[in-house]
Amino acid sequence: MKSAKPQPLTQPRINSLLNQRKKPTPHILAIKNAIIPYGTMARFPRGEKMWFSRDGIRYCYLLLSGEVSVCRVGDDFKIANFSAPALGGVAESFYPKEKFYFLAESPVEVIMSP
């Protein structure tokens, strides 16, 4: 029995894979519309750290554009990456200490919501 030959990752193949993500979903759009009135728009340049606490207030980030990595405080280990549209920081609001932060991998636009 012959095994299938892997397809090369050409640019059209990569574009096809990316288009299968089907973002934004209706759920992300509903969350975005619910958060916008309560949040503050912010922009972060590439390389900027985005902390979940600012001035004693815990924040969630609704990523409108760009890409961020989730990094661990202490050793800056990159745990995950995600791109817009996405919501981050919800689970982190339950931690008593800050253990993670977002790192802007590109210029990003977010809505910060307490």
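Rules of the game
Residues numbered from 1 in each chain as written. Predicted model: local features only at pLDDT ≥ 70, side-chain atom pairs only at ≥ 80, totals over all residues. Heavy atoms only, no water. Pairing = 2+ DSSP bridges. Helix = DSSP H or I, 4+ residues; strand = E, 2+ residues; numbered from the N terminus. Axes fitted to C-alpha atoms, helices over the stretch in contact; angles between N-to-C directions. Patch = residues over 30% accessible without salt bridge, like charges linked within 9 Å, V, L, I, M, F, W, Y side chains within 5 Å. Areas by Shrake-Rupley, 256 points an atom, 1.4 Å probe, with all protein chains shown as cover. Salt bridge = Lys/Arg side-chain N within 4 Å of Asp/Glu carboxyl O. Buried < 20%, exposed > 50% of the residue type's maximum accessible area, 1.4 Å probe, protein only. Polar contact = N/O pair within 3.5 Å; in protein donor to acceptor, adjacent residues only side chain to side chain. Contact = heavy atoms within 4.5 Å.

J.: So what exactly am I meant to see when it comes to the sheet that holds strand S10 (residues 108-113) here?
T.: Across a sheet, paired strands are connected by hydrogen bonds in the backbone, their directions being either parallel or antiparallel. Taken in spatial order, the 4 strands make up an open sheet running S1-S10-S5-S8, and their pairing is antiparallel. Looking along the sheet, the strands with just one partner apiece sit at the ends: strand S1 (40-44) and strand S8 (86-88). Mean inter-strand twist for the sheet, computed between neighbouring axes without regard to direction, equals 30°. Of the pairings in the sheet, the one linking strand S5 (residues 60-65) to S10 comprises 5 bridges and is antiparallel in character. Across the sheet, the residue bridging to leucine 63 is valine 110, located in S10.

J.: What exactly am I supposed to notice about the sheet that holds strand S2 (residues 49-51) here?
T.: Taking strand neighbours across the sheet as the criterion, the 4 strands line up as S2-S9-S6-S7 in an open arrangement whose pairing is antiparallel. Strands at the two margins of the open sheet, each flanked by one partner only, are S2 and strand S7 (78-83). Here the strands of the sheet are splayed against their neighbours by 30° on average, with no regard to which way each runs.

J.: Explanation requested: a nonpolar patch on the surface in the structure shown.
T.: Taken together, the side chains of Ile31, Leu87 and Val90 define a hydrophobic patch exposed on the protein surface, amounting to about 210 Å² of accessible area. Of note, isoleucine 31 is situated in helix H2 (residues 26-35).

J.: In this structure, what is going on with the pattern of salt bridges? I would like to understand it.
T.: Where charged atoms from two side chains of opposite charge approach closely, those side chains can pair. Across all of its chains, the model carries 4 salt bridges by this definition. Arginine 43 is the salt-bridge partner of glutamate 109, the closest N and O atoms lying 2.8 Å from each other. Highlighted residues: glutamate 109 in strand S10 and arginine 43 in strand S1, separated in sequence by 66 residues. Its relative accessible area of 23% is what places glutamate 109 among the partly exposed residues. Note on arginine 43: relative accessible area 63%, which makes it exposed. A salt bridge links lysine 78 to glutamate 105, with the nearest nitrogen and oxygen atoms 2.8 Å apart. Of this pair, lysine 78 sits in strand S7 while glutamate 105 sits in the loop between strand S9 (100-104) and S10, and the two are 27 residues apart along the sequence. Given the relative accessible area of 42%, lysine 78 is considered partly exposed.

J.: Would you mind going over the side chain of serine 69 with me for this structure?
T.: Along the polypeptide, serine 69 turns up in strand S6 (residues 67-72). Accessibility expressed as a relative area gives 0% for serine 69, which makes it buried. There is a polar contact of 2.6 Å between the side chain of serine 69 and the side chain of glutamate 105. Apart from the residues lying within four places of it in its own chain, the contact partners of serine 69 are Lys78, Ala80, Asn81, Tyr101, Phe102, Leu103 and Glu105.

J.: Is there a simple way to explain unusual backbone geometry in this structure?
T.: What is expected of a backbone is that most residues other than glycine have negative phi and most peptide bonds are trans. Note that the residue after alanine 84, namely proline 85, is joined by a cis bond; omega there is -10°. Here proline 85 is to be found in the loop between S7 and S8.

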